[in-house]
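Overview (structure and organization)
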Amino acid sequence: MASTDSGIAVDEDGHPRAGRSGDPHDLTGLEAGLDALDTVQTRRTPLRETLLHKVLPPVTAVVLVLAVWQLLVWFEVAPDYKLPSPADVGSEIRDAWLQGALLDYIWTSVSRGLLGFLLALVIGTPLGLLVARVRFVRAAIGPILSGLQSLPSVAWVPPAVIWLGLDDSMMYAVILLGAVPSIANGLVAGVDQIPPLFLRAGRTLGATGLRGAWHIVMPAALPGYLAGLKQGWAFAWRSLMAAEIIASSPDLGVGLGQLLENGRSNSSMPQVFLAIFLILLVGIAIDLLIFSPLERRVLRGRGLLVTR
């Protein structure tokens, strides 16, 4: 029996042995302690804690915004036709609901945005993998993707209208041009952050080509890829709003962007505020319902999130 520098007794094969007392429970306790360190403790969050930490802060923020808004109206900081009161905007929401148009406004834009984002996901994911893993493709396309990502999405609306006309295909083209570069660049950034040891271990185990991309590259690059997806949705939603504001046609229906433009044309600030409120609401809802759960799941799978 030998001894290591740390004083732990080991046998001929290098395995730890019991201490001088000969008690085998010494090493058992040590192993149990190490296992406890590696175990992520999870518990169900109580309802009171959820309300206190999740619901109360945003509700408080909304109440404060409404209070400041109402104070600005009372002190007549701006004329009524420039700054409507919260009650005026609430009346606009109620009228749109009673007319049955409120959900139509939302669905017209949300359906376009989600379908366009799914198309961007299908195109941007393999493109990002190709750019990340093939050096020649990265040198050729990488700078173009970065340039497209920095180009304002509204710049694509005029040529898309000329090329495709005033229909939904124009809307989807603008969404793709805005979202695909962000998704691809996010995946490239995630792949670049993969430790080389993971890739070598995958090749050693036979995970090469598509199998390696699916089982090694994509799971390891998931945090950066998810960040690219969130940014891609933001670009897709902004691109769609720009296209709906600029392009107007009866065949396109009235989405949230067109509702905003109609309010400007009619000099109706309550309608403008209604459109802004709905655009913001959809963006928050998509983040809370889709991206936040995905982010929590990724963090929890990596032991970075205990309770949330």
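In this text, all values refer to a predicted model and were calculated from it rather than measured experimentally.

1. A few points about the overall build of the protein
Regarding its fold elements, the protein presents 12 helices and 2 strands. When its helices and strands are written in sequence order, the protein yields β-β-α-α-α-α-α-α-α-α-α-α-α-α. Considering only residue pairs separated by 6 or more positions, the protein has 65% of its internal contacts joining residues 24 or more positions apart. When the accessible surface of the protein is split by element, carbon and sulfur atoms take 65% of a total near 19000 Å².

2. Focus on the packing of helix α4 (residues 102-133) against helix α7 (residues 168-192)
Look at α4 against α7: their axes get within 6 Å of each other, and the N-to-C directions meet at 40 degrees. One finds that α4 runs oblique with respect to α7. Here α4 and α7 pass one another in a crossing that is right-handed. When the residues that make up the contact of α4 with α7 are grouped by side-chain class, the tally is 21 nonpolar, 5 polar and 3 charged.

3. A word on the environment of S91
If you trace the backbone, S91 turns up in helix α3 (residues 86-98). Of the residues examined, S91 reaches a relative accessible area of 25% and is grouped as partly exposed. Separated by 180 residues in sequence, S91 and Q271 place their C-alpha atoms 9.9 Å apart.

4. Focus: the pattern of salt bridges
Taken as a whole and assessed by the stated rule, the structure comprises 6 salt bridges. Between D287 and K230 there is a salt bridge, with its nearest N and O atoms 3.9 Å apart. Residue D287 is located in helix α12 (residues 269-301), and its partner K230 is located in helix α10 (residues 222-246); the two are separated by 57 residues in the primary sequence. On the basis of relative accessible area, D287 is assigned to the partly exposed category, the value being 26%.

5. Some thoughts on unusual backbone geometry
The phi torsion of most residues other than glycine is negative, and most of the peptide bonds are trans. Although it is not a glycine, E76 adopts a positive phi angle of roughly 55 degrees. With respect to the element layout, E76 can be found in the loop between α2 (47-74) and α3. Residue E76 is classed as exposed on the basis of its relative accessible area of 63%. The backbone of S267 sits at a positive phi, close to 55 degrees, despite the residue not being glycine. As for its position among the elements, S267 is in the loop between α11 (256-265) and α12.

6. Brief notes about α12
Since the α-helix turns once every 3.6 residues, residues separated by three or four places project in the same direction. Counted at 1.5 Å a residue, the expected span for α12 with its 33 residues is 48 Å, and the 47 Å between its end C-alpha atoms agrees. Its maximal kink placed at L288, α12 deviates by approximately 35 degrees. Every buried residue belonging to α12 is among P270, Q271, V272, L274, A275, L278, I279, V282, I286, F291, S292 and V298, and all of these are buried. Those residues of α12 hidden inside the fold are in contact with α3, α4, α10 and α11. A positive backbone phi angle near 70 degrees is found at G303, which sits one or two residues after α12.

7. Observations regarding the packing of aromatic side chains
Under the counting rule described, the total for this entry stands at 4 aromatic pairs. Ring centres of F117 and F291 lie 6.1 Å apart, and the angle between their planes is 85 degrees; on these two criteria the pair is classed as edge-to-face. Separated by 174 residues along the polypeptide, F117 in helix α4 and F291 in helix α12 bring together distant segments of the chain. The burial state of F117 is the same as that of F291; both residues are buried. Taken together, the ring pairs connect F117, W233, W237 and F291 into an aromatic cluster. Above the ring of F235, the side-chain terminus of R238 is found at 5.0 Å from the ring centroid.

8. Let's talk about α3
Between its first and last C-alpha, α3 extends 18 Å over 13 residues, near the 18 Å set by a 1.5 Å rise per residue. Just downstream of α3 lies G100, where phi reads positive at about 75 degrees.

9. Remarks on the packing of α10 against α11
Between α10 and α11, the shortest axis-to-axis distance is 7 Å and the interhelical angle comes to 45 degrees. Between α10 and α11, the angle is such that the two are oblique. As α10 packs across α11, the resulting crossing turns out to be right-handed. Contacts between α10 and α11 involve W237, M241, E244 and I245 on the former and, on the latter, L256, G257, Q258, L260 and E261. A breakdown of the residues in the contact of α10 with α11 according to their chemical character gives 5 nonpolar, 2 polar and 2 charged.

10. Regarding the layout of surface pockets
Computed from the structure, the largest pocket encloses a volume of approximately 580 Å³. Lining the largest pocket are 17 residues, with V62, V65, F277, L280 and I284 positioned closest to its centre. A class-by-class count of the residues in the lining of the largest pocket yields 16 nonpolar, 1 polar and no charged.

Reading the values: the criteria
Residues numbered from 1 in each chain as written. Predicted model: local features only at pLDDT ≥ 70, side-chain atom pairs only at ≥ 80, totals over all residues. Heavy atoms only, no water. Helix = DSSP H or I, 4+ residues; strand = E, 2+ residues; numbered from the N terminus. Contact = heavy atoms within 4.5 Å. Areas by Shrake-Rupley, 256 points an atom, 1.4 Å probe, with all protein chains shown as cover. Axes fitted to C-alpha atoms, helices over the stretch in contact; angles between N-to-C directions. Parallel < 35°, antiparallel > 145°, perpendicular 65-115°, else oblique. Left-handed = near helix turned anticlockwise from the far one by under 90°. Nonpolar A, V, L, I, M, F, W, Y, C, P; charged D, E, K, R; others polar. Buried < 20%, exposed > 50% of the residue type's maximum accessible area, 1.4 Å probe, protein only. Salt bridge = Lys/Arg side-chain N within 4 Å of Asp/Glu carboxyl O. Expected span 1.5 Å × (residues − 1). Bend = angle between axes of the 7 residues up to and from the residue. Phe/Tyr/Trp six-rings, centres within 6.5 Å; stacked < 30°, edge-to-face > 60°. Lys NZ or Arg CZ within 6 Å of the ring centre and 35° of its normal. 1 Å grid on protein atoms, 1.4 Å probe; cavity = no way out; pocket = protein on both sides within 12 Å on 5 of 7 lines; lining within 4 Å. Points joined across faces, edges and corners; volume = space filled by probe spheres on them.

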